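# Reading the structure
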Amino acid sequence: MHGQSWPAKLREAYLRNILRVKTKNARIPIPSYRRIAGLTGASAVDQRGLSDLMQVLRYLLWTMLLAQCVWAAASGPKQPAAAPHPNIVLITLDTTRADRMGFLGSDRGLTPNLDSLARQSRVFSRAYSQIPLTTPSHATILTGTYPQFHHVNYMGDLLGTALPFLPDILHHNGYRTGAFVGGLVLDPKKLAQGFERGFDTYDAGFHRRGMGGDRYQSLERRGGEAVARALAWLSKPSAKPFFLWVHLYDPHDPYDPPEPFKSRYQAQPYDGDVAYTDFVVGKLLAALRARGLFDSTLIAVMADHGEAFGEHGEKHHGIFLYDETIHVPLLIKTPGQKTNEKIAARVGLVDVAPTILQAVHLPVPVAMQGQSLLPIMNPGSGDKNSARSVYSETGYGHLSFGWSKLQSWRTGNYLYIQAPERELYDESVDSAAAHNRASESKAVADTLAAQVADFFRKTTGGASARAVLDAEQAESLHALGYMTSDSGTSNENETGADPKQRIAIANLLYDALVDMESERYEEAAPILEQVLQQEPNTPIAFLQLGRAYMSLKEYQKAVMPFMTLVKEKPDDAFARYELGCALVKTGNWEEAAPHFEAAVSQMPSSAMMHFYLALVYERTSRMDDAMKEFQSALHVNPNNFPANLLLGRMFVIQQKPTEALPYLRKAAELRPDSIDVHGFLADAFTQLGEPENAQRELTEADRLRSQGASRLGTPTDESR
Ligand SMILES: [Zn+2]
């Protein structure tokens, strides 16, 4: 009922026109979501009627917006000059706990620069993340919508193009937009597909770490480098206002701050990472000051989620919804602001995008579900809004293990967690959430359970709105060792085990994934075996165990986990592909064929799948089938080097040099330093009776060999 059910033409018009509405006059009052939905608690409107009413309201609002847009465009010159749009700096601190911030009461002394910024900002002492995972949380920050609406529930989920997106809106309104992110998880070519929309510059370019490679040259970069790149971008002259997003990844594990923070915080390396990140923020702020930009710029700083250190049994983040991972720092300095204001109202990261839009005098799209915080940012207005409720959720345990999803609802004095064994904490006397009162305060728990269910129902986007990765995006994700949400556990009834009963397994799997990522396969394999012993319904563990054995060249051992994965997920093309590869490595080419065939039929748009099937056919002497599959691979991707090379070679073998030449020439164009290409070209020219051409190719092949080139040449795309 939200967004995705708008008439298609309206939505298209929105994307084309509405985003360009600039003048203050063109803004229309947009009723807050909560007010319409009666979520402040006073409404007695029948819920079904309400949802119909909302649909009509939304339709009317769009019609009005459209009409006003047309009017604004037609009478443009007569409008008063648009208010200048201030510059915006958005800083997201990864994995940063609220209780490490000096401006929120920490006495660890880690954050002098953020504390100094806070003295000129609104400080939100009770800000909460909507989901404790990096990519999904940033989707909430940048779209102003809940995870159940944007459907970026996990790393690698595609951010849909119909969603309202802060960078895109700003870009359409004349902003120069730049993103400088700290890791693979926010790289639009890897785990944050769709995030590049609306950015003039998106500085990422991360990749898998090669053998013995430096993680800061591959998977992530230091905050200092992200800031240096951002400042270089800011130095380029432009008449436009800018929107700069800097994401600082350092506090994410592994905790490994650079010197002098490493030595200074030897006993608490996480604190060292936080201190280093603060130091980097200081550099950015100093540069803004030096350029005379600081005062006039809107600066918003927040963490995407916190980090757990075993308080409720969890290490790191993602599974649970307690304060250690959900309570986050949030501060906003509006242009010209000189003084500090502490705001105790409960707010969410979902509120950030609408706040920024309103603060720079731009209309907030109706589809944004957060509320602008401007009304409660004015002095003296805080208390009356402190009754706001905040929703959070996570499906990480569900996706990885088939456990129950979790939802939390922070309201009044309470933290309520919807779980198989539900939890209720009275934060006024139990800030650590140590005493579950759900059974003794059954009536309260019942009320809050009904509220959270109601809220979820009203804020959920249609299932059909879920954006789907194309073959190339899916391959890229798979190459990184991730499974898409679709390929996670098939247990869709969401009534799996209670994560709090199984948290030790999640910690084990986490350790194994870190080992895999660091190429410690020998360490990872036994841990994965242990995970599977305790929790056999864990697709990602089967996948990683198979991959660990493949990397250890224990191919026979890899067959079993992949076989189980295929049995669990017969429709998963990548599971079929992995099993096929393991069977090939153990010499069972005939057995591998049906799995590659299944992979091709599940992912007909994947050049990679066609290519591997062709190899298997070639090896099992099914030449016609092999040639057909090579051709299918080239139909999807004409620039696939090995498919061009091998198809060309097959034609040479069949004494069809005329057919072979175009493929071999294409292969030579793609990798001129491949010895094989020139060798096969020489064969083709010989068959054509062109000895001079043949000699030229042979000479080139010899020259390359003498230079130590490899038979296939240098791979151009390291991610494959
Ligand atoms: Zn994160």
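Small disclaimer: the values here were computed from a predicted structure and weren't measured.

## Examining the pairing of strand β5 (residues 242-248)
Most of β5 is tucked away, with 7 of its 7 residues classed as buried. Residue alternation in β5 divides its side chains into two sets, Phe242, Leu244, Val246 and Leu248 and Phe243, Trp245 and His247, and both sets are buried. By the bridge criterion, 6 bridges tie strand β1 (residues 88-93) to β5 in an arrangement that is parallel. The partner of Leu90 across the bridge, within β5, is Trp245. As judged from the 5 bridges shared by strand β3 (residues 176-180) and β5, these two strands associate in the parallel manner. Each residue of the ladder has a partner; that of Gly178, found in β5, is Leu244.

## Let's talk about the pairing of β1
In terms of burial, β1 is largely enclosed, as 6 of its 6 residues are buried. Residues Ile88, Leu90 and Thr92 point to one face of β1 and Val89, Ile91 and Leu93 to the other, with burial holding for every one of them. The sheet contact formed by β1 and strand β6 (residues 298-303) spans 6 bridges and is parallel. Across the sheet, the residue bridging to Thr92 is Met302, located in β6.

## Structural notes on the nonpolar core
Val246, Ile356 and Met609 are the most contacted members of the largest nonpolar core, which totals 202 residues. Excluding its chain neighbours within four sequence positions, the residues that come into contact with Met609 are Ala573, Tyr577, Phe596, Ala599, Val600 and Met603.

## Remarks on the sheet that holds strand β11 (residues 390-394)
Here 4 strands make up an open sheet; going across it, the order is β11-β12-β13-β14 and the pairing antiparallel. Every interior strand has two partners, whereas the edge strands, β11 and β14 (423-426), have only one. Geometrically, the sheet is characterised by an average inter-axis angle of 15 degrees between neighbouring strands, direction not taken into account. With 4 bridges joining them, strand β13 (residues 414-418) and β14 adopt antiparallel strand pairing.

## Details of the packing of helix α8 (residues 223-235) against helix α10 (residues 269-290)
In contact at an axis separation of 9 Å, α8 and α10 are set at 15 degrees when each is read in the N-to-C sense. Relative to α10, the element α8 lies roughly parallel. As α8 runs across α10, the sense of the crossing is right-handed. Across the interface between the two elements, Gly223, Gly224, Val227, Ala230 and Leu231 from α8 touch Tyr276, Thr277, Val280, Lys283, Leu284 and Ala287 from α10. Considering only residue class, the contact of α8 with α10 consists of 7 nonpolar, 3 polar and 1 charged.

## Quick notes on the sheet that holds strand β2 (residues 122-128)
One open sheet holds the 8 strands; their spatial order is β4-β3-β5-β1-β6-β9-β2-β10, and the pairing between them is mixed. With one partner strand each, in any of the chains shown, β4 (201-203) and β10 (341-348) form the two edges of the open sheet. Averaged over all neighbouring strand pairs, the angle between strand axes comes to 15 degrees, with direction disregarded. Relative to β4, β3 runs parallel, the two being bridged by 3 bridges. Residue pairing across strands places Gly178 opposite Thr201, the latter belonging to β4. Against the sheet, helix α12 (residues 352-359) engages β1, β6 and β9 (327-333), with an angle of about 175 degrees to β6.

## Examining the packing of helix α26 (residues 657-670) against helix α27 (residues 675-688)
Relative orientation of the contacting elements α26 and α27 amounts to 155 degrees, with a least axis distance of 10 Å. Here α26 is positioned roughly antiparallel relative to α27, judged by the angle of their axes. By crossing handedness, the relation of α26 to α27 is classed as left-handed. On α27, the residues touching Pro657, Ala660, Leu661, Leu664, Ala667 and Ala668 of α26 are Val677, Phe680, Leu681, Ala684, Gln687 and Leu688. Grouping the constituent residues of the contact of α26 with α27 by class yields 11 nonpolar, 1 polar and no charged.

## Considerations on the confidence of the model for the protein
Looking at the protein as a whole, its pLDDT mean stands at 84, while 82% of the residues score no less than 70. Contacts of residues 1-83 to residues separated by more than four positions or lying in other chains number 77 contacts, the stretch itself having pLDDT below 50. In the predicted structure, residues 487-493 sits below a pLDDT of 50 and forms 15 contacts with residues beyond four places in sequence or in another chain.

## A look at helix α21 (residues 573-585)
In this model α21 runs 18 Å from its N-terminal to its C-terminal C-alpha over 13 residues, within 8% of the 18 Å that 1.5 Å per residue would give. Counting buried residues along α21, 12 of its 13 residues qualify, which places the element largely inside the surrounding structure. Taken residue by residue, α21 has Ala573, Phe574, Ala575, Arg576, Tyr577, Glu578, Leu579, Gly580, Cys581, Ala582, Leu583 and Val584 as its buried positions. Among the residues trailing α21, Gly587 stands out with phi positive, at a value near 85 degrees.

## Examining the environment of Tyr663
Relative to the helices and strands, Tyr663 resides in helix α26. Residue classification places Tyr663 among the buried residues on the basis of 25 C-beta atoms within 10 Å. Here the alpha-carbon distance between Tyr663 and Leu647, two residues 16 residues apart in the chain, equals 6.9 Å. Setting aside residues no more than four positions away along its own chain, Tyr663 makes contact with Asn644, Leu647 and Gly648.

## Here we look at unusual backbone geometry
The bulk of non-glycine residues show a negative phi, and the bulk of peptide bonds are trans. Cis rather than trans, the peptide bond between Asp253 and Pro254 has omega equal to 0 degrees. Turning to its location among the elements, Pro254 is positioned in the loop between β5 and α9 (261-264). In this structure, Pro260 follows Glu259 across a cis peptide bond, with omega equal to 5 degrees. Mapping Pro260 onto the fold places it in the loop between β5 and α9. Although it is not a glycine, His151 adopts a positive phi angle of roughly 60 degrees.

Rules behind the numbers
Residues numbered from 1 in each chain as written. Predicted model: local features only at pLDDT ≥ 70, side-chain atom pairs only at ≥ 80, totals over all residues. Buried ≥ 20, exposed ≤ 12 C-beta atoms within 10 Å, placed from the backbone. Helix = DSSP H or I, 4+ residues; strand = E, 2+ residues; numbered from the N terminus. Pairing = 2+ DSSP bridges. Core = buried A, V, L, I, M, F, W, Y, C linked by C-beta atoms within 7 Å. Contact = placed C-beta atoms within 7 Å. Axes fitted to C-alpha atoms, helices over the stretch in contact; angles between N-to-C directions. Parallel < 35°, antiparallel > 145°, perpendicular 65-115°, else oblique. Left-handed = near helix turned anticlockwise from the far one by under 90°. Nonpolar A, V, L, I, M, F, W, Y, C, P; charged D, E, K, R; others polar. pLDDT = per-residue confidence, 0-100. Expected span 1.5 Å × (residues − 1).

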